[in-house]
Amino acid sequence: MNKKIVVFLFFICTAYFSFAQTIKSPDEFLGYPLGSKYTPHHKIVSYFKYAVAAIPQMMKLDQYGETNEGRPLLLAYIASAENLAKLEDIRKNN
C-alpha cells in the first residue's frame, strides 16, 4: 500500500514540476537577475502577458486603469484552474 502511495506521489510531483518548468523565470525572460538593475514598466507588462499566454488555465490578467502617463495598471490572478473558474465567488466570500 505504501509503495503505491509513494509511486502516485512521485508521478504527481513529476507532472507538477514538468508543468511548472514550461514558463521562463523572470531572470530568463529579462536576461538579467531580477533586482540587479532597473526594469522598465513595459518589460514587466510583457512578462505578465507572456506568463498568461503560457499558462492561461492558471493565470488571469485584468487591466484596472492607467497611469498618468498612459501605461496599463494590471492585476494578475494566479491560482489553480478550479479557483480561477470561481474567482467571483471567492471575491464575494472575502
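Placed above this text is the structure.
This report concerns the structure included in the present document. This structure is a prediction, so every number in the text was calculated from the model and none was measured.

In this section: the pattern of salt bridges. Counted according to the given criterion, the structure contains 3 salt bridges. The partner of Lys60 in a salt bridge is Asp62, with the nearest N and O atoms 3.8 Å apart. For Asp62, a relative accessible area of 27% gives the class partly exposed. Its salt-bridge partner being Glu88, residue Arg91 comes within 2.5 Å of it at the nearest N-O pair. Of this pair, Arg91 and Glu88 both sit in helix α5 (residues 87-93), 3 residues apart, roughly one helical turn. The exposure class assigned to Arg91 is exposed, which follows from its relative accessible area of 53%.

Right, let's get into the environment of Ser36. By secondary structure assignment, the location of Ser36 is in the loop between α2 (26-30) and α3 (41-54). Engagement of the side chain of Ser36 in a polar contact is seen with the backbone oxygen of Pro33, the distance being 2.7 Å.

Moving on: the packing of aromatic side chains. As enumerated under the stated definition, the model contains 4 aromatic pairs in all. Here Tyr47 and Phe48 contribute two aromatic rings whose centre-to-centre distance is 6.2 Å and whose plane-to-plane angle is 80 degrees, an arrangement assigned as edge-to-face. Residue class for Tyr47 comes out buried when judged on its relative accessible area of 14%. Through a chain of ring-to-ring contacts, the aromatic side chains of Phe29, Tyr47, Phe48 and Tyr50 assemble into a single cluster. Taking the ring centre of Tyr32 as reference, the NZ or CZ of Lys37 above it sits at 4.5 Å.

Calculation criteria
Each chain has its residues counted from 1, running along the sequence as written. A pLDDT threshold of at least 70 governs which residues receive local features in this predicted model, and a stricter bar of 80 or more applies before side-chain atom pairs are shown or counted, although totals over entire chains, interfaces and linings include all residues. Hydrogens and water are ignored here; the side-chain numbers use all heavy atoms of the structure. Here, a salt bridge means any Lys or Arg side-chain nitrogen found within 4 Å of an Asp or Glu carboxyl oxygen. Whether a residue is buried, partly exposed or exposed follows from its accessible area with a 1.4 Å probe, protein chains only, as a fraction of its type maximum: under 20%, in between, or over 50%, in that order. Counting from the N terminus, the helices are DSSP H or I runs at least four residues long and the strands are E runs at least two residues long. By the criterion applied in these results, polar contacts are pairs of N or O atoms within 3.5 Å in which, for protein atoms, one can donate a hydrogen and the other can accept it, and in which residues neighboring in sequence qualify only through two side-chain atoms. Pairing of aromatic side chains requires ring centres within 6.5 Å, counting the rings of Phe and Tyr and the six-membered ring of Trp. Pairs whose planes differ by under 30 degrees are stacked, by over 60 edge-to-face, and all others tilted. Two conditions define a charge sitting above a ring: the NZ of Lys or the CZ of Arg must be within 6 Å of the ring centre, and it must be within 35 degrees of the ring normal.

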